[in-house]
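Chain and residue survey
Below are the chains, spelled out letter by letter.
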Amino acid sequence: MKIAIGSDHGGFELKQAVMEHLTERGIEFKDFGCYDSKSCDYPDIAKPVAHAVADKEYDFGILICGTGIGISITANKIKGIRAALCSDCFSAEATRLHNDANILAMGGRVVGPGLALKIVDTFLDTPFSNEERHIRRINKIER
Ligand code: RB5
């Protein structure tokens, strides 16, 4: 499994914790920035991550800004991206099962690191249900 990960300054600290966690789990990832806590613009990070996931260079993306809102709105503008903003494990599981979400978005100022890592694990470890009704609904998003 290969992950594209990125954050703005609002998500920088949580991104460090998530990358440490991915390393501990032996999951390959590329850090698309930002690379320090200086103020930056979330679309500059969200777009390259979303394009890399949409182009299937990575299996999943993880995007973190202060709220997770700006970065998920931006990612969802890219064709083929289904970015899910999650602050709980129920939503992280459901969005994989039902929406086949390919990007997990979180708010670094919303969720603490303990919960965030559980959300990451839930998202990455839950397969898409492949049920006909969910496939039908996903297809209706883009057609
Ligand atoms: C940055 O202050 C903040 O606006 C950003 O991280 C994010 O929350 C935007 O949606």
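Everything here concerns the structure above.
None of the values given here were measured: they were computed from a predicted structure. (Residues numbered from 1 in each chain as written. Predicted model: local features only at pLDDT ≥ 70, side-chain atom pairs only at ≥ 80, totals over all residues. Heavy atoms only, no water.)

1. Things to note about the layout of surface pockets
- By volume, the largest pocket is sized at about 200 Å³.
- Surrounding the largest pocket, Val-53, Ala-54, Lys-56, Tyr-58, Asp-59, Phe-60, Gly-80, Arg-82, Arg-96, Asp-100, Ala-101 and Asn-102 form its lining.
- When the residues that make up the lining of the largest pocket are grouped by side-chain class, the tally is five nonpolar, two polar and five charged. (1 Å grid on protein atoms, 1.4 Å probe; cavity = no way out; pocket = protein on both sides within 12 Å on 5 of 7 lines; lining within 4 Å. Points joined across faces, edges and corners; volume = space filled by probe spheres on them. Nonpolar A, V, L, I, M, F, W, Y, C, P; charged D, E, K, R; others polar.)

2. Things to note about the sheet that holds strand β1 (residues 2-7)
- Within the open sheet, the five strands sit side by side as β2-β1-β3-β5-β4. Their pairing is parallel. Lying at the two open borders of the sheet, with one neighbouring strand each, are β2 (28-31) and β4 (83-85). Within the sheet, the average angular offset between the axes of one strand and its neighbour, ignoring direction, is 20°.
- As paired strands, β1 and β2 are joined by four bridges and run parallel to one another. Each bridged residue has a counterpart across the sheet, and for Ala-4 the counterpart in β2 is Lys-30.
- Sitting on the sheet, helix α2 (residues 42-54) is in contact with β1, β3 (60-65) and β5 (103-107), with an inclination near 170° to β3.
- With respect to the sheet, helix α5 (residues 113-125) is in contact with β1, β3 and β5, its orientation differing from that of β5 by roughly 170°. (Pairing = 2+ DSSP bridges. Helix = DSSP H or I, 4+ residues; strand = E, 2+ residues; numbered from the N terminus. Axes fitted to C-alpha atoms, helices over the stretch in contact; angles between N-to-C directions. Contact = heavy atoms within 4.5 Å.)

3. Some details on a nonpolar patch on the surface
- A contiguous nonpolar patch, built from Ile-69, Ile-73 and Leu-85 and spanning about 250 Å² of accessible area, is present on the exposed surface.
- Along the chain, the position of Ile-69 falls in helix α3 (residues 69-75).
- Overall, Ile-69 belongs to the partly exposed group, its relative accessible area being 42%. (Patch = residues over 30% accessible without salt bridge, like charges linked within 9 Å, V, L, I, M, F, W, Y side chains within 5 Å. Areas by Shrake-Rupley, 256 points an atom, 1.4 Å probe, with all protein chains shown as cover. Salt bridge = Lys/Arg side-chain N within 4 Å of Asp/Glu carboxyl O. Buried < 20%, exposed > 50% of the residue type's maximum accessible area, 1.4 Å probe, protein only.)

4. Quick word on the pattern of salt bridges
- One pass over the full model with this rule turns up nine salt bridges.
- Salt-bridge contacts for Asp-100 lead to Arg-82; the nearest nitrogen and oxygen are separated by 3.6 Å. In this pair, Asp-100 sits in the loop between α4 (89-99) and β5 while Arg-82 sits in the loop between α3 and β4, placing the two residues 18 residues apart along the sequence.
- Residue Asp-100 is classed as partly exposed on the basis of its relative accessible area of 23%.
- Salt-bridge contacts for Arg-96 lead to Asp-100; the nearest nitrogen and oxygen are separated by 2.8 Å.
- Among the charged side chains, a network of salt bridges with common partners joins Arg-25, Asp-121 and Asp-125.

5. Looking at the site of the ligand
- Taken together, Asp-8, His-9, Tyr-42, Cys-65, Gly-66, Thr-67, Gly-70 and Arg-109 make up the full set of residues near the ligand.
- With respect to the ligand, the backbone of Gly-70 contributes an N or O atom lying 2.9 Å from an oxygen atom.
- Summarising the interface, the protein chains cover 70% of the accessible area of the ligand, which totals 300 Å² for the free molecule.
- Looking at the shell around the ligand residue by residue, the class counts come to two nonpolar, four polar and two charged. (Near = heavy atom within 4 Å. Polar contact = N/O pair within 3.5 Å; in protein donor to acceptor, adjacent residues only side chain to side chain.)

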